[in-house]
2 protein chains.
Amino acid sequence: MDLVSRIEHAISSALASAESTTAPPGLAAAMRYAVFPGGARIRPRLCLAVAAACGQKDHTIADAAAVSIELLHCASLAHDDLPCFDDAATRRGKPSVHQAFGERLAVLAGDALIVLAFQNLALRAAAASSLPALLMTVSRSVGMPAGIVAGQAWECEPRVPLGDYQRAKTGALFAAAAEAGALAAGAEAQPWCLLGDRLGEAYQVADDIRDVTADANDLGKPVGRDATLGRPSAAREFGLKGALKRFEQLVAAAIDTIPDCAGTPVLRALIRAEAERLIPEELLRRAA
Amino acid sequence: MDLVSRIEHAISSALASAESTTAPPGLAAAMRYAVFPGGARIRPRLCLAVAAACGQKDHTIADAAAVSIELLHCASLAHDDLPCFDDAATRRGKPSVHQAFGERLAVLAGDALIVLAFQNLALRAAAASSLPALLMTVSRSVGMPAGIVAGQAWECEPRVPLGDYQRAKTGALFAAAAEAGALAAGAEAQPWCLLGDRLGEAYQVADDIRDVTADANDLGKPVGRDATLGRPSAAREFGLKGALKRFEQLVAAAIDTIPDCAGTPVLRALIRAEAERLIPEELLRRAA
């Protein structure tokens, strides 16, 4: 099975563990809708790539970590799109969860996906000696004081420190994906933190760039939202040209941080391909 | 330190681990507001009472489990009170979280408290051999298919099975509190499940009764909400007299299930005192 199919299969199994004939059917459907079809699944792919680079033998634990990270990402999208936040009508080219299922089930789908992420780790990584470290790494990246919810909460403050905001809202989960991959393979997490960190920042800058350059059909969600919502944005802070330059620097810096190991060439190729997917080289050249 | 002070102190320490000078201050404040001052803290008290009854030696793990369960309970209240659900203006005698901090921070406070519950277990129960079982027990009681979010999601369905709804919305976390107490003491969880289950149902029936008999000042939250919101309610299904009878039966049944152990008398006394606090005997006699 190729990597992408393996990820989709593992996510689907995790969701199946939350379903039952006696469960409320609306919420079960909203949870699946929030997770399938997925986006690029970049976080779980990063997690599995790092685990492979660290020489994992059995991929059960890495799969569990990758799934939990993706569930948490999908939960954050369902809540970010709510009327009280971005009020986004579309996501991944289809109606957002609250548009399709109503606001109540969108709140609950996010809640249930957060819980499932931890339940999935408990279920699939119960035997792993790294379970406590995996739990800490994953929970820190989504909670307070510096995970996704902290990032989202910065949007409610009168003054937003751009670095803290981007690090929390995007960087933290990327860093956790890389670290969890290492932990799942029985390796140390710390050497992989910086890779995730820089990739996360690059991803956020790319998102800011796409918010001002893409059209809604390409993006699968509304464009121009950062300006509409008065949100901090690298494209607004540095200008489009400056933001593109920053993106290039971050990708190069991410590649530089990869610890020397057997999997280095594969990881480098993955990151380059993902960078090209996010910001095609043609756009970089045009703006140079 | 008495039990209640110990619980408050442990909850406060858990919240402190989510705070930092670089965290968004609004969300940190909303989280504390959602948790303090607390209600009766009945779930963590049940957890600690069962751990003591099972002969726990070191109370670190039981405290961690009790705190996580209370954080999840407080998270569910913050989300239940949201405008899209109960739209409750007050809770525990003060403005609800969304009234005090706005809807966005109320959503995020709930999310962050859910995450913190699991982070707290990872941090404080890392060394416990029961960590995987604790995680499964706690996550199952709040997630899908039969935990709190499932209970809340039944309110979004056209037909609501009263038993499944009450079991999920209230019983599951009570059962988890009892089971986690046993696990924390190194005992088997299963013999304690039924106690939590029946107490949870008794608590839900008491809540339904109070919704029709109390005044808002006594209750600290709006009354008559079940009828207004068309929610299933024992008081509406069985009538007030029938519901009071059901409450008495459930408390007696709960006491009956307590496994025979050194802590049995203390647990019995705790349950009787809590029953009297919920529904004073005078009310039972008047309705008899």
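Residues numbered from 1 in each chain as written. Chains lettered and ligands numbered in written order. Predicted model: local features only at pLDDT ≥ 70, side-chain atom pairs only at ≥ 80, totals over all residues.

A. Structural context of the overall build of chain A. Scanning chain A from terminus to terminus reveals 15 helices and 2 strands. Taken against the 2.2 N^0.38 rule, which gives 19 Å for 288 residues, the C-alpha radius of gyration of chain A at 18 Å falls within 12% of a compact globule. On the principal axes, the C-alpha backbone points of chain A span a range of 50 × 50 × 35 Å. Counting only residues that meet the buried cut, chain A has 54% of its 288 residues in that class. For chain A, the share of sequence-separated contacts (at least 6 apart) that also reach a separation of at least 24 residues comes to 69%. (Helix = DSSP H or I, 4+ residues; strand = E, 2+ residues; numbered from the N terminus. Rg over C-alpha atoms; globule rule 2.2 N^0.38 Å. Buried ≥ 20, exposed ≤ 12 C-beta atoms within 10 Å, placed from the backbone. Contact = placed C-beta atoms within 7 Å.)

B. Just the packing of helix α3 (residues 42-53) of chain A against helix α9 (residues 162-184) of chain A, in detail. Residue and element names in this part refer to chain A. With their axes 7 Å apart at the nearest point, α3 and α9 run at an angle of 30 degrees to one another. The two elements α3 and α9 cross, and the hand of that crossing is right-handed. Each of R43, L46, C47, L48, A49, V50 and A51 in α3 lies in contact with α9, whose residues at this interface are L173, F174, A177, A178, A180, G181, A182 and A184. For the contact of α3 with α9, a count of residues per class yields 13 nonpolar, 1 polar and 1 charged. (Axes fitted to C-alpha atoms, helices over the stretch in contact; angles between N-to-C directions. Left-handed = near helix turned anticlockwise from the far one by under 90°. Nonpolar A, V, L, I, M, F, W, Y, C, P; charged D, E, K, R; others polar.)

C. Quick peek at unusual backbone geometry. Across the junction of F36 of chain A and P37 of chain A, the peptide omega takes the value -15 degrees, indicating a cis bond. Tracing the backbone shows P37 of chain A in the loop between α2 (25-35) and α3. Residue P145 of chain A is reached from M144 of chain A by a cis peptide bond, and omega for that bond is 10 degrees. Among the secondary structure elements, P145 of chain A is positioned in the loop between α7 (131-142) and α8 (148-154). Backbone geometry at R41 of chain B places phi at a positive 50 degrees, although glycine is not the residue there. Locating R41 of chain B in the fold gives a position in the loop between α2 (25-35) and α3 (42-53). Given 19 C-beta atoms within a 10 Å radius, R41 of chain B is considered partly exposed. Phi is positive for R92 of chain B, which is not a glycine, with a value near 50 degrees. Note on placement: R92 of chain B falls in the loop between β1 (90-91) and β2 (94-95).

D. Expanded view of the nonpolar core. Core analysis: the biggest nonpolar cluster contains 210 residues, and L27, M31 and A109 of chain A together with L27, M31 and A109 of chain B have the highest contact counts within it. The residues contacting A109 of chain A, other than those within four sequence positions of it, are L27, A30, M31, A34, A78 and V97 of chain A. (Core = buried A, V, L, I, M, F, W, Y, C linked by C-beta atoms within 7 Å.)

E. Examining the interface of chain B and chain A more closely. Facing 48 residues of chain B, the contacting portion of chain A comprises 48 residues. Elements with a contribution of two residues or more to the side of chain B that touches chain A: α2, α6 (103-124), α7 (131-142) and α8 (148-154) of chain B. The dominant element in the side of chain B that touches chain A, judged by the number of residues it contributes, is α6 of chain B, at 14 residues. For the side of chain B that touches chain A, the class distribution of residues is 33 nonpolar, 8 polar and 7 charged.

F. Summary view of the relation of the copies chain B and chain A. Expressed as a screw transformation, the operator carrying chain B onto chain A has a rotation angle of 180 degrees and an axial translation of 0.0 Å, and the superposed copies differ by an RMSD of 0.0 Å. Such a combination of turn and shift is consistent with a two-fold rotation axis. Mapped onto chain A, 100% of the interface residues of chain B are again interface residues, and the two copies thus contact each other with one and the same surface. (Least-squares fit on C-alpha atoms with pLDDT ≥ 70 in both.)

G. The arrangement of α6 of chain B in detail. Between its first and last C-alpha atoms α6 of chain B spans 31 Å; for 22 residues at 1.5 Å apiece the expected length is 32 Å, and the two agree. Counted residue by residue, α6 of chain B has 20 buried out of 22 residues, so it is predominantly covered. (Expected span 1.5 Å × (residues − 1).)

H. Here's a closer look at α7 of chain A. In this model α7 of chain A runs 17 Å from its N-terminal to its C-terminal C-alpha over 12 residues, within 8% of the 16 Å that 1.5 Å per residue would give. Burial of α7 of chain A is extensive: 9 of the 12 residues sit out of reach of the surface. Of the residues making up α7 of chain A, those classed as buried are L131, L134, L135, T137, V138, S139, R140, S141 and V142 of chain A. If you follow the buried residues of α7 of chain A, they end up packed against α4 (60-80), α6 (103-124), α8 and α9 of chain A together with α6 and α7 of chain B.

I. How the structure looks around the environment of P145 of chain A. On the neighbour-count criterion, P145 of chain A (21 C-beta atoms within 10 Å) is buried. Sequence-wise, P145 of chain A and A168 of chain A are 23 residues apart; in three dimensions their C-alpha atoms are separated by 8.5 Å. Residue contacts for P145 of chain A: discarding those within four places in its chain leaves A150 of chain A together with A18, E19, S20, T22 and A23 of chain B.

J. Local environment of the environment of V160 of chain B. Residues and elements named next belong to chain B. As for its position among the elements, V160 is in the loop between α8 and α9 (162-184). With 39 residues separating them along the chain, V160 and L121 place their C-alpha atoms 33 Å apart. Setting aside chain neighbours within four positions, we find V160 in contact with W154, Y165 and P232.

K. Representation of the packing of α4 of chain A against α6 of chain A in the model. Residues and elements named next belong to chain A. One way to put it is that α4 packs onto α6 with a least axis distance of 8 Å and a crossing angle of 170 degrees. As summarised for this structure, α4 and α6 are arranged roughly antiparallel, according to the angle between their axes. Contacts between α4 and α6 involve T60, A64, V67, S68, L71, L72, C74, A75, A78 and H79 from the first element and A106, A109, G110, L113, I114, L116, A117, N120, L121 and R124 from the second. Considering only residue class, the contact of α4 with α6 consists of 14 nonpolar, 5 polar and 1 charged. (Parallel < 35°, antiparallel > 145°, perpendicular 65-115°, else oblique.)

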